[in-house]
Amino acid sequence: MTTQIWATVDYEAEGYQTGDLCLPHSVHRSAYGVLTIPVAVMSGGPGPTVLLTGGTHGDEYEGPVAIRRLLNALKPEQVRGRIIALPMLNAPAFRAGLRTSPEDGGNLNRAYPGDPANGPTSAIAHYVSTVLLPMADYYHDTHAGGSSLQYLPFVSTRRSGITSLDDTALTSARAFGAERIVIWDYSPDTRLSTSEANRQQVVSLGGEFGGGGSVSRGGVRLVERGLRRLLSHWGLIDEPAPDLPAAAEYRIAGRDYYVYATRSGVFEPAVDLGDRIDGGALCGAIWSTEDLADAPSDQHFQREGTVFCLRHPGLVQRGDCLAHLATEIA
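As the structure is a prediction and not an experimental result, all values here were calculated from the model. (Residues numbered from 1 in each chain as written. Predicted model: local features only at pLDDT ≥ 70, side-chain atom pairs only at ≥ 80, totals over all residues. Heavy atoms only, no water.)

Help me out: how do you make sense of the pairing of strand β4 (residues 49-53) in this one?
Of all five residues making up β4, five are buried, and the element is well covered by its neighbours. Bridging between β4 and strand β5 (residues 81-86) involves five bridges; their strand directions are parallel. Within β5, the position partnered with Leu51 by the bridge is Ile84. The parallel pair β4 and β5, bridged by helix α1 (residues 62-73), forms a crossover whose chirality is right-handed. (Buried < 20%, exposed > 50% of the residue type's maximum accessible area, 1.4 Å probe, protein only. Helix = DSSP H or I, 4+ residues; strand = E, 2+ residues; numbered from the N terminus. Pairing = 2+ DSSP bridges. Right-handed = clockwise from strand over helix to strand, strands pointing away.)

Just to check I follow, could you spell out the nonpolar core for this structure?
Within soluble globular proteins, side chains that are nonpolar tend to cluster in buried spots. Core analysis: the largest hydrophobic core is formed by 34 residues, its most contacted members being Leu52, Val155, Leu231 and Leu236. When contributions to this core are tallied by element, the ones reaching two or more residues are β3 (34-45), β4, α1, β5, α4 (163-176), β9 (180-184), β10 (203-208) and α6 (217-233). Among the elements that take part in this core, α6 stands out by supplying six residues, more than any other. Excluding anything up to four places from it in sequence, Leu236 contacts Pro48, Val50, Gln78, Val79, Arg80, Arg82, Ile83 and Leu231. (Core = buried A, V, L, I, M, F, W, Y, C linked by side-chain atoms within 4.5 Å. Contact = heavy atoms within 4.5 Å.)

Sorry, what's going on with the environment of His233 here?
Its place among the elements puts His233 in helix α6. Other than its neighbours up to four places away in sequence, His233 contacts Thr171, Ser172 and Ala175.

What is the right way to look at the pattern of salt bridges in this model?
Between side chains of opposite charge, a pair can form when the charged atoms approach closely. Under the defined criterion, the tally for this structure stands at 16 salt bridges. Close ionic contact of Arg80 with Asp238 constitutes a salt bridge, the shortest N to O distance being 2.8 Å. On the criterion of sequence distance, the pair formed by Arg80 in the loop between α1 and β5 and Asp238 in the loop between α6 and β11 (248-252) is long-range, its members being 158 residues apart. Using a relative accessible area of 36% as the deciding quantity, one classes Arg80 as partly exposed. Take Asp238: its relative accessible area is 65%, and that puts it in the exposed class. Across the pair Arg180 and Glu179 runs a salt bridge, and its minimum N-O distance is 3.6 Å. (Salt bridge = Lys/Arg side-chain N within 4 Å of Asp/Glu carboxyl O.)

What exactly am I supposed to notice about the sheet that holds strand β18 (residues 315-316) here?
Strands pair in a sheet through their backbones, by hydrogen bonds, and they do so in one of two ways: parallel or antiparallel. Taken together, four strands build an open sheet; the order of strands is β16-β15-β13-β18 and the sheet is antiparallel. Sheet topology places β16 (297-300) and β18 at the edges, where each strand pairs with a single neighbour. For strand β13 (residues 265-269) and strand β15 (residues 282-287), the ladder comprises four bridges, and the chain directions are antiparallel. Bridge assignment links Pro269 to a residue of β15, and that residue is Gly284.

How should a nonpolar patch on the surface be read in this particular structure?
There is a patch of nonpolar side chains on the surface, built from Val266, Trp287 and Leu315 and spanning about 280 Å² of accessible area. Position of Leu315 relative to the elements: it lies in strand β18. Overall, the relative accessible area of 56% leaves Leu315 in the exposed class. (Patch = residues over 30% accessible without salt bridge, like charges linked within 9 Å, V, L, I, M, F, W, Y side chains within 5 Å. Areas by Shrake-Rupley, 256 points an atom, 1.4 Å probe, with all protein chains shown as cover.)

Whenever I open this one, the packing of α1 against α6 confuses me. Can you help?
Describing two packed helices takes the angle between their axes plus the distance from one axis to the other. Relative to each other, α1 and α6 sit at 50 degrees, their axes nearing to 8 Å. Considering their axes alone, α1 and α6 lie oblique with respect to each other. Of the two elements, α1 crosses α6, and the hand of that crossing is right-handed. For the pair α1 and α6, contact is made by Glu62, Gly63, Val65, Ala66, Ile67, Arg69, Leu70 and Ala73 and by Gly219, Val220, Val223, Glu224, Leu227, Arg228 and Leu231, respectively. Its residues placed into classes, the contact of α1 with α6 shows nine nonpolar, two polar and four charged. (Axes fitted to C-alpha atoms, helices over the stretch in contact; angles between N-to-C directions. Parallel < 35°, antiparallel > 145°, perpendicular 65-115°, else oblique. Left-handed = near helix turned anticlockwise from the far one by under 90°. Nonpolar A, V, L, I, M, F, W, Y, C, P; charged D, E, K, R; others polar.)

The quantities given are spatial measurements derived from coordinates; they are silent on function.
See below:
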């Protein structure tokens, strides 16, 4: 099936346009309604196309704010090529402040390549896969830890197995100018937006730029500066990109980088973000919420590395991710 989403902008027109993607959504309240997803297109003529997305998860805000700031500052005459920006891609989730969509419970970053007939979340993923990514030369999907996680800020690439694509993505990540780069050699799921970009051989970046469901000022500044540096690196704008210290490069390569709760209760961490730990080190303890006589349940790392991610809320359920590591590349 082809997409049922239509756009109120003309992707081929020059200048600056804002409008909506419109997804038919018939519900009791509105028989012929649509779900609207804000979209902006800025084009100054021939050149590459960059696709920028934020708000894939509706409780992650640094990317959306930075993209809005970038759009407000740029003018079409400064751009060689085209920028397509959707800072609130999962608009239903974003408006509700939720990681997943209130319309169907879907996680947009676990829905690719999508299906136009399988609910709103999958329909949005399908539109990105079949309409937006085929137009793009470059793609950056900005993320943060959302309500449940805190992250060390980093820009990231995801290995595709195609040497030329992976090398170009890593060079782009270095141009972004973050203090840290994470190379994802492993992911618990392959239905991600950057996985789909890899399948279509579109140079793509991701990253985590905050967490806790708030708006990190440092994260916003990092993303806005990084996007400007990328646009310069990719040839869309003429803007000096001052040299910055080389990023430390890390990788995530397996399930053993993650710690999952073995029981429910209150999680008391024993480490902080940025700590370097040895294999078997204590991650934290989970305290019972039922019986004061219960001893805390210690939770341990399986391997050495640097703590890049920690659970944000204290209450956890069995199976929740408590932390994950990354290992520095020599």
